[in-house]
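One-letter residues, chain by chain:
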Amino acid sequence: MSRSTKLFETYKLGPITLANRFVMAPLTRNRAVPGTFVPGTLAADYYSQRASAGLLITEASQVSQQGQGYQDTPGIYSKEQVAGWRKVTDKVHERGGKIFIQLWHVGRISHVDLQANGAAPVAPSAIRAKGKTFVNGTFADVSEPRALELSEIPGIIDDFKRATKNALEAGFDGVEIHGANGYLLEQFAKDGTNKRTDAYGGSIENRAKLMLEVSRAVVAEAGADRTGIRISPVTPANDISDSNPQALYDHIVDGLSALKLVYLHVVEGATGGPRDIAPFDYASLRKRFSGAYVANNGYDFDLATKVLDANAADLIAFGKPFISNPDLVERLKKGAALNDWDKNTFYGGGAKGYTDYPALAAEPAE
């Protein structure tokens, strides 16, 4: 049986035609080569196995060493990393897929052991997050950050710009700016983490400034039609909060729409948790934004179909189901059973739980 819904229709995303409306959400897998943070040899297999999704978004990749917050996450700031990612994009394109890279600076969600010379991680304000990171093979409390100097902020923006240039060189179809889940750009935007009194603190306009400046710099390098962004207005992930998220994100999305970004990728609710954690009007963002709206968080076939039919989103991002189902698109089209994922192999390791989940055709007949 083949199911026919909008999910399986093609979609024009800027200059790219997507084969369907499935997006593989960015999923941290901690399998880059230790020390060089080049995507591992299995990464090309992992992404190409999932190339039937309309759009693949890679795991978050740090724009600089300073931007790293977890063990063995890939970077996009060195020649070796660019060469490693090129193997991934080549293989995805051979399979007819489209792929964006997610650009990441974790800000305060880091550890001195990941920073150059054991330096403190950076943040808008010197407030330590209540939370853990994965480092030296174990979960450890994040380190206390220092507040970025005003003079350092242009350098952060340049890191994103250079990472964008590298991404294009590596053959990516576009880039997604990571503005979500309690990392640096969101730390600046939200008043729970930003206590600055300079041009980047205080008012909504000031706090939103870094996210919009980074977006402008990335657009200047990649073009607006190859630049997306991910936001999470009400997530509590990584100890983040804001006193007035609706006003903040209405302002941010107005700014992103003015820059003509190709898509807005929205974590609705708590990242990987309840969708209804706090009241928020996502339809307001959709109305304000001129590009595609990518809906994310806890979507299954039925919810995806309902939301697309109601024209409340253009594309639907699936996360964990893609980890265990390389052929998720085909399985949902046929109404086939899904493989269960193994949480123990999400972060770090080798092929097990990464590239060895079976596709339908590989399964023995009943």
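The name recorded for the protein chain in an unreviewed UniProt entry is N-ethylmaleimide reductase, from Bradyrhizobium stylosanthis. Under Sequence similarities (unreviewed entry), UniProt gives the following word-for-word description of the protein chain: "Belongs to the NADH:flavin oxidoreductase/NADH oxidase family." Checking UniProt for the protein chain, the heading Cofactor (unreviewed entry) contains the comment "FMN".

Residues and numbers for the packing of helix α3 (residues 153-169) against helix α5 (residues 204-222), please.
Packing of α3 against α5 leaves a shortest axis separation of 9 Å and a crossing angle of 35 degrees. Once α3 is placed against α5, the crossing between them reads as right-handed. In this structure, α3 contributes I153, I157, F160, K161, T164, K165 and L168 to the contact, and α5 contributes L210, E213, V214, A217, V218, A220, E221 and A222. Tallied by class, the residues present in the contact of α3 with α5 amount to 10 nonpolar, one polar and four charged.

So what about the packing of α5 against helix α6 (residues 245-258)? Which residues, and what values?
At a minimum axis distance of 10 Å, the contact between α5 and α6 shows a crossing angle of 35 degrees. Between α5 and α6 lies a crossing whose hand is right-handed. Across the interface between the two elements, I204, E205, R207, A208, M211, L212 and S215 from α5 touch A247, L248, H251, I252, G255 and L256 from α6. Its residues placed into classes, the contact of α5 with α6 shows eight nonpolar, three polar and two charged.

Lay out the packing of aromatic side chains with the relevant residues and their values.
The tally for this structure, following the rule as stated, stands at 15 aromatic pairs. Here the aromatic rings of Y46 and Y354 are separated by 4.3 Å at their centres, their planes lie at 20 degrees, and the arrangement is stacked. Of this pair, Y46 sits in helix α1 (residues 43-49) while Y354 sits in the segment after α10 (328-334), and the two are 308 residues apart along the sequence. You'll find Y46 and Y354 in the same group, each marked buried. Their ring planes at 85 degrees and their centres at 6.1 Å tell us that F346 and Y347 sit as a pair that is edge-to-face. In this structure F346 comes out as buried when scored by relative accessible area, which is 7%. Owing to a relative accessible area of 46%, Y347 belongs among the partly exposed residues under this scheme. Taken together, Y46, Y47, W85, F172 and Y354 form an aromatic cluster joined through their ring pairs. Looking at K209, its charged tip hangs above the ring of Y200, at a distance of 5.5 Å from the centre.

Cut-offs used in this document
Residues numbered from 1 in each chain as written. Predicted model: local features only at pLDDT ≥ 70, side-chain atom pairs only at ≥ 80, totals over all residues. Heavy atoms only, no water. UniProt positions renumbered as here; feature names shortened; annotations may be inferred. Axes fitted to C-alpha atoms, helices over the stretch in contact; angles between N-to-C directions. Helix = DSSP H or I, 4+ residues; strand = E, 2+ residues; numbered from the N terminus. Left-handed = near helix turned anticlockwise from the far one by under 90°. Contact = heavy atoms within 4.5 Å. Nonpolar A, V, L, I, M, F, W, Y, C, P; charged D, E, K, R; others polar. Phe/Tyr/Trp six-rings, centres within 6.5 Å; stacked < 30°, edge-to-face > 60°. Buried < 20%, exposed > 50% of the residue type's maximum accessible area, 1.4 Å probe, protein only. Lys NZ or Arg CZ within 6 Å of the ring centre and 35° of its normal.

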